[in-house]
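Each chain is listed here by its residues.
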Amino acid sequence: QVQLVESGGGLVQAGGSLRLSCAASGRTFSSYAMGWFRQAPGKEREFVAAITWSTGSTYYADSVKGRFTISRDNAKNTVILQMNSLKPEDTAVYYCAADTQGIFTTAQAMRLMTSDFGSWGQGTQVTVSS
C-alpha cells in the first residue's frame, strides 16, 4: 500500500504563491503517475495537474496552466505543486493522488482519475483571499 501525506497549504493573498508537497511512503513504484486534485465547497473534485514518475511528462487543467507547476523528486518520493499568481477561485482542499493500479498511464489520463482508484491523501486546505 502507498500512503500519501500532503503539506504546505495555508492562507495567502491573491497574487501570492504557495508550494504544496506530497510525500509517498510504503510500497512505492517508479512507473505510476501522480496528480493533484482540488475540491471547493459545494463543488465536485476537479483535476489540477499530473506527472509521470518515469518520464516526468506533465499535464495541467486549463484553469491553472501557466500559473502552477508540478514536479517530482524521485529520490524523496515527493511530488511538488508550485502555485503562483493565486486567485480566490483557487481556494479549495487540495488532494494528492497516485495511480498505484497503473490504470491512468499518462499524465493526461490522470485527469480522469476518481477516488475509486489508486491512493489518495487526506488533503490540505488552500485559501486565497481577495
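Here, the structure is the one placed above.
About the thresholds
- Residues numbered from 1 in each chain as written.
- Predicted model: local features only at pLDDT ≥ 70, side-chain atom pairs only at ≥ 80, totals over all residues.
- Heavy atoms only, no water.
- Disulfide = S-S within 2.5 Å.
- Helix = DSSP H or I, 4+ residues; strand = E, 2+ residues; numbered from the N terminus.
- Buried < 20%, exposed > 50% of the residue type's maximum accessible area, 1.4 Å probe, protein only.
- Salt bridge = Lys/Arg side-chain N within 4 Å of Asp/Glu carboxyl O.
- Pairing = 2+ DSSP bridges.

A. Focus on the state of the cysteines. All told, the structure shown has one disulfide when counted by the stated rule. There is a disulfide in this structure between C22 and C96, and the S-S distance comes to 2.0 Å. On the sign convention where negative is left-handed, the bridge of C22 and C96, at about -80° about the S-S bond, is left-handed. Highlighted residues: C22 in strand β3 (residues 18–26) and C96 in strand β9 (residues 92–98), separated in sequence by 74 residues. Side by side, C22 and C96 carry an identical accessibility label, which is buried.

B. Up close: the pattern of salt bridges. A full pass over the atoms with the stated rule returns four salt bridges. Of the charged contacts, one joins E46 and R38 as a salt bridge, the two residues approaching to 2.6 Å between their closest N and O atoms. One salt-bridge network, held together by shared partners, links R38, E46, R67 and D90.

C. Summary view of the pairing of strand β8 (residues 78–83). Within β8, five of the six residues are buried, which leaves the element mostly enclosed by the surrounding structure. Two strands pair when backbone bridges link them, and β3 and β8 are joined in this way by six bridges, in the antiparallel orientation. Note that in β8 the partner of L20 across the bridge is L81. Here six bridges tie strand β7 (residues 68–73) to β8, and the two strands are oriented antiparallel to one another. Along β8, the bridge assignment pairs D73 with T78. Turn length for the β7-β8 hairpin, with the two strands adjacent in sequence and antiparallel, is four residues, and the turn residue N77 shows positive phi of about 50°.

D. Just unusual backbone geometry, in detail. Positive phi, normally seen in glycine, also occurs at N77, with a value near 50°. Overall, the relative accessible area of 25% leaves N77 in the partly exposed class. Its identity as a non-glycine residue notwithstanding, S85 has a phi of 50°, on the positive side. Positionally, S85 belongs in the loop between β8 and β9.

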